[in-house]
Amino acid sequence: MTDLTLTISADERAAGRLQRQQHQTAALLLRTAGCVVLRELLPLELVERLNVAFGRIFEDCVESKRGDAWYQVSAINQAVFWERAARWRIFPKLRPPFNDVSVLANPLIMPLFEELLGSDFFCKFVSSDTCSAGSTIQAPHRELSAGGASQPCAYVVNVPLTMCGLENGPLEVWPVGSHLWQPELLTRYQLSDDVQDGENEGMEQFARFFASQKLVLEPGSVLIRDPGMLHRGTAYTTGIPRPMLTICYMRQNHVHDYGDIRFNLDETIYETLPFAVKRVIAGALKNQKPS
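All values reported here derive from a predicted model rather than from experimental measurement.

### Brief notes about the pattern of salt bridges
Overall, the coordinates contain 16 salt bridges when judged by the stated rule. The closest approach of N and O atoms between Arg279 and Glu114, which form a salt bridge, is 3.9 Å. Taken as a pair, Arg279 in helix α9 (residues 275–287) and Glu114 in helix α5 (residues 110–117) lie far apart in primary sequence, 165 residues in all. Under the relative-accessibility criterion, Arg279 is labelled partly exposed at 45%. Taking relative accessible area as the criterion, Glu114 reaches 33% and is therefore assigned partly exposed. Look at the salt bridges and you will find they share partners, linking Arg39, Glu40 and Glu218 into a network.

Listed below in structure tokens is the structure:
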């Protein structure tokens, strides 16, 4: 199994930047494999606060859910959410602790995005991937029209709020350059890369030719992945929901209709955000004008 993990040192956390070799390795893995895990990046105390706060929001969404409509809003926390196949997409408002700089504008990660996405990249949305009882394995897929891009157009940061082990829906990834596969080639042979919760036998069969791995993620670690890398959510076999934040950063000229930073804001939240967070959100607000 390929080791895609870099362990963050105490000195790097204290300095607020990756050592040169760590930065270079992370950038190379993102460009070639399509993902990298940064272990021991976040303080466990912060992750626990996020988990407790998210637990309240998740409970609010479950109690507020009415039917299977998209873009529902929870009664208490006003979180936009929907649920499909027992997988919840929840957009928490950026109130504490979800507005923390370490989560949204981490100084060890931002230089990677400046290098790979351009200095004017922006945070498009803050969501969650929370699987619960009944969720099953997804089809291998790619996201955000990122597959086969000539240069990186987006990265997703996944922040596990609890232990993400092999029994509670770990992400399965194909770190074999699958983010570089050209969509025209897949289309020529009638392979669809955007089916998530339905059957996609053609991609299932093709993916079997390549090595994949299921990522075990501990609290405090983060996964950075190119959404164009082939991946999927796997079967969930425990009784406790597995929450994972999903934060999307995008190149300034890349456009996709999934997610909206306005789901995470209200009339007052933006003004309360730390400067570093405002900076990475500003581009999204410019590009996502109210309709």
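### As for the layout of surface pockets
The computed volume of the largest pocket comes to approximately 830 Å³. If you trace the largest pocket, you find 38 residues lining it, with His141, Arg142, Glu143, Gln196 and Tyr258 closest to the centre. Elements supplying a minimum of two residues to the lining of the largest pocket: β4 (80–84), β5 (87–91), β6 (122–128), β8 (154–160), α6 (183–188), β12 (231–233) and β13 (244–250). Class assignment for the residues of the lining of the largest pocket results in 13 nonpolar, 14 polar and eleven charged.

### Some words on the pairing of strand β2 (residues 35–39)
Most of β2 is tucked away, with four of its five residues classed as buried. By the bridge criterion, three bridges tie strand β1 (residues 5–7) to β2 in an arrangement that is parallel. Within β2, the residue paired with Leu6 across the bridge is Leu38. Bridge count between β2 and strand β11 (residues 222–225): four bridges; the pairing is antiparallel. If you follow Val37 over to β11, its bridge partner there is Leu223.

### Some points on the sheet that holds β4
Spatially, four strands are ordered β3-β4-β5-β7 in an open sheet, and the strand pairing comes out antiparallel. Looking along the sheet, the strands with just one partner apiece sit at the ends: β3 (72–73) and β7 (130–131). Pairing between β3 and β4: two bridges, direction antiparallel. Counterpart to Val73 in the pairing with β4 is Val80. Across the face of the sheet, helix α3 (residues 44–64) comes into contact with β3, β4, β5 and β7 while running at roughly 115° to β5.

### With respect to the sheet that holds β8
In spatial order, the strands read β1-β2-β11-β8-β13-β6; together these six strands make up an open sheet with mixed pairing. The open sheet has two free edges, formed respectively by β1 and β6, since each of these has just one partner strand. With strand direction ignored, the average angle separating the axes of adjacent strands in the sheet is 20°. Strands in contact with helix α2 (residues 20–32) are β1, β2, β8 and β11; relative to β2, the strand with the most contacts, it is inclined by about 145°.

### Here's the deal with α3
For an α-helix, 3.6 residues make a turn, and residues three or four places apart therefore share a direction. Under the 1.5 Å per step criterion, the end-to-end length of α3 is 30 Å for 21 residues, consistent within 8% with the ideal 30 Å. All buried positions along α3 are accounted for by Leu46, Val47, Leu50, Asn51, Ala53, Phe54, Ile57, Phe58, Asp60, Cys61 and Ser64.

### A short note on the packing of aromatic side chains
The final tally for this structure, using the stated rule, is 18 aromatic pairs. Taking the centre distance of 5.9 Å and the plane angle of 65° together, the rings of Phe91 and Phe125 count as edge-to-face. Taken as a pair, Phe91 in strand β5 and Phe125 in strand β6 lie far apart in primary sequence, 34 residues in all. Phe125 matches Phe91 in its accessibility class, with the two residues each being buried. An aromatic cluster of three or more residues is present, and its members are Trp70, Tyr71, Trp82, Phe91, Phe125, Tyr258 and Phe263. Over the face of the ring belonging to Trp70 we find Arg84, whose NZ or CZ atom lies 4.0 Å from the ring centre. One residue, Lys278, lies across the ring of Tyr270, its end atom 5.6 Å from the ring centre.

### What to know about the environment of Gly177
For Gly177, the position within the fold is in the loop between β9 (171–173) and α6. In this structure, Gly177 is in contact with Thr32 and Ala33, ignoring residues within four places of it in sequence.

### Quick notes on a nonpolar patch on the surface
Residues Met163, Leu166 and Val216 make up a contiguous nonpolar surface patch of about 270 Å² in total accessible area. The topology assignment puts Val216 in the loop between β10 (213–214) and β11.

### Some points on the pairing of β13
Across the seven residues that make up β13, a large majority, seven, are buried. Burial along β13 is two-sided: the face carrying Met244, Thr246, Cys248 and Met250 and the face carrying Leu245, Ile247 and Tyr249 are both buried. Relative to β13, β6 is paired through six bridges, and the arrangement is antiparallel. Residue pairing in the sheet places Ser127 in a bridge with Thr246 of β13. For β8 and β13, the ladder comprises seven bridges, and the chain directions are antiparallel.

Analysis parameters
- Residues numbered from 1 in each chain as written.
- Predicted model: local features only at pLDDT ≥ 70, side-chain atom pairs only at ≥ 80, totals over all residues.
- Heavy atoms only, no water.
- Salt bridge = Lys/Arg side-chain N within 4 Å of Asp/Glu carboxyl O.
- Helix = DSSP H or I, 4+ residues; strand = E, 2+ residues; numbered from the N terminus.
- Buried < 20%, exposed > 50% of the residue type's maximum accessible area, 1.4 Å probe, protein only.
- 1 Å grid on protein atoms, 1.4 Å probe; cavity = no way out; pocket = protein on both sides within 12 Å on 5 of 7 lines; lining within 4 Å.
- Points joined across faces, edges and corners; volume = space filled by probe spheres on them.
- Nonpolar A, V, L, I, M, F, W, Y, C, P; charged D, E, K, R; others polar.
- Pairing = 2+ DSSP bridges.
- Contact = heavy atoms within 4.5 Å.
- Axes fitted to C-alpha atoms, helices over the stretch in contact; angles between N-to-C directions.
- Expected span 1.5 Å × (residues − 1).
- Phe/Tyr/Trp six-rings, centres within 6.5 Å; stacked < 30°, edge-to-face > 60°.
- Lys NZ or Arg CZ within 6 Å of the ring centre and 35° of its normal.
- Patch = residues over 30% accessible without salt bridge, like charges linked within 9 Å, V, L, I, M, F, W, Y side chains within 5 Å.
- Areas by Shrake-Rupley, 256 points an atom, 1.4 Å probe, with all protein chains shown as cover.

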